[in-house]
Each structure stands twice: as C-alpha cells, then as structure tokens.
Amino acid sequence: MRAIIHAGMHKTGTSSIQDTLAKIDHPDYAYLKWRSPNLSGLFAQQFYEPVEEYHSFKLSGQTREELLRERKANFLRMSEQLSQVTKPNLIFSAEDITAPNDTFGMATQKLADYLSNW
C-alpha cells in the first residue's frame, strides 16, 4: 500500500476535500475512519509530543494520562484499520501537518515512519 499524506493548508478548502475523501468508496483509495474527516486530531493524538500541549487537547482540559490512554486505544484501532486495507493507496489528510514548528515536523516524520510499516 502506498500512503499519500495530504497536508492541506488551513482555509484552502481542505475540509471539503476531507469530507469527500471520507465519504467516497473508490476502488483505489482508502481513507481512515476517525471522529472527523480531518485527521489532525488523530495525527496529534498519535504523534505529537507533548500530546497535552496540542491546542485542542489543551482546550479540552484532558490530562496527559487520559490522552495517553486514548492514544494507546486509538493506536490499536488505527493499526487494525491499516492492516485491513486492501486498496493500493491510503490517503491521510490533516491540516496540522502544515504547522510551521519543529514539534509538528517531528510528528510528521513519526507519521511517515509509522505508515511505512504498511
């Protein structure tokens, strides 16, 4: 499987693209199921460190311990989904991949490394 990482920039129609990708059943492309078609939250929960410093998690008031428990559970769900993909391509679309700081850069590399397993 080839992974295509779509790093949609904010305010450029990325949400519409993500909604479409999450809804269509294309024979060549898979898209991960998550709380929302924008996989930024999944991206941050799995690969951003310190996870509790991610903007939406800070606002939610979740503790690091809670977030790490969720990370573990969602990592298993994500891995299970990926192991069941039979299509030749996976699209992973998350706007926060484009955030201009080193922490997001390291998280993006972790995402790429993780996806390389499939």
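Our focus in this paragraph is the nonpolar core. One finds L32, L39, F43 and F92 to be the most contacted residues of the largest nonpolar core, which totals 27 residues. A total of 5 residues in this core trace back to one element, the largest contributor, which is helix α5 (residues 102-115). What F43 contacts, discounting residues up to four positions off in sequence, is Y48, F92, A94, D96, I97, F104, A107, T108 and L111.

Most of strand β3 (residues 89-93) is tucked away: 5 of the 5 residues are buried. Burial along β3 is two-sided: N89, I91 and S93 and L90 and F92, pointing in opposite directions, are all buried. Two strands pair when backbone bridges link them, and strand β1 (residues 2-6) and β3 are joined in this way by 5 bridges, in the parallel orientation. Counted as the bridge partner of R2 is N89 from β3. Pairing analysis gives 3 bridges linking strand β2 (residues 29-31) to β3, with the strands arranged parallel. Residue pairing in the sheet places Y31 in a bridge with I91 of β3.

Conventions adopted
Residues numbered from 1 in each chain as written. Predicted model: local features only at pLDDT ≥ 70, side-chain atom pairs only at ≥ 80, totals over all residues. Heavy atoms only, no water. Core = buried A, V, L, I, M, F, W, Y, C linked by side-chain atoms within 4.5 Å. Buried < 20%, exposed > 50% of the residue type's maximum accessible area, 1.4 Å probe, protein only. Helix = DSSP H or I, 4+ residues; strand = E, 2+ residues; numbered from the N terminus. Contact = heavy atoms within 4.5 Å. Pairing = 2+ DSSP bridges.

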